[in-house]
Amino acid sequence: QVQFVESGGGLVQPGGSLRLSCAASGIPVSFYHMGWYRQAPGAQRELVAGITSGGSTNYATSVQGRFTISRDNTKNTLYLQMNSLKSEETAVYYCNAVSGIVVDWGQGTLVTVSS
């Protein structure tokens, strides 16, 4: 069974940092184009960062230069380092495959950016 379990969310002040983790089981994350998504209250889920099987990364314009996606193939885990967080980035963050396979969404991890 393919499953993604996100963790690392929490409450952080504007300008702060968090590192999210996504532990995958059932598939090797290195084989697929993987991504981090977020869904703010009342908004649609959006892709914020992706990493291809070849290791190329891509980011939404709004997070470019502040977020970094990476993976550890030995741990089969995806990461998202988030710096200089803004209040409008309060959302539930999810990881999933961007293409190549359809996997149910996990529970995500809540990031709250607030003073």
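Below or above, wherever it landed, is the structure these notes cover.

1. Comments concerning the nonpolar core
The biggest cluster of nonpolar side chains holds 28 residues, and the ones touching the most others in it are Phe4, Trp36, Leu78, Leu80, Met82 and Tyr93. Of all the secondary structure elements, the ones that give two or more residues to this core are β3 (18-25), β4 (33-39), β5 (46-51), β7 (67-72), β8 (77-82), β9 (91-99) and β10 (109-113). Look past the residues within four positions of tyrosine 93 in its chain and what remains in contact with it is Glu6, Leu20, Trp36, Tyr37, Arg38, Phe67, Leu80, Met82, Gly108, Thr109 and Val111.

2. What to know about the state of the cysteines
In this structure the tally under the stated criterion is 1 disulfide. Note that cysteine 22 is cross-linked by a disulfide to cysteine 95, the S-S spacing being 1.8 Å. Handedness here is read from the sign of the S-S torsion; for cysteine 22 and cysteine 95, about 50°, the answer is right-handed. Of this pair, cysteine 22 sits in strand β3 while cysteine 95 sits in strand β9; the two residues are 73 residues apart in sequence, bridging distant segments of the chain.

Conventions we followed
Residues numbered from 1 in each chain as written. Predicted model: local features only at pLDDT ≥ 70, side-chain atom pairs only at ≥ 80, totals over all residues. Heavy atoms only, no water. Core = buried A, V, L, I, M, F, W, Y, C linked by side-chain atoms within 4.5 Å. Buried < 20%, exposed > 50% of the residue type's maximum accessible area, 1.4 Å probe, protein only. Helix = DSSP H or I, 4+ residues; strand = E, 2+ residues; numbered from the N terminus. Contact = heavy atoms within 4.5 Å. Disulfide = S-S within 2.5 Å.

From the geometry alone we can't say anything about function, so treat these as descriptive.
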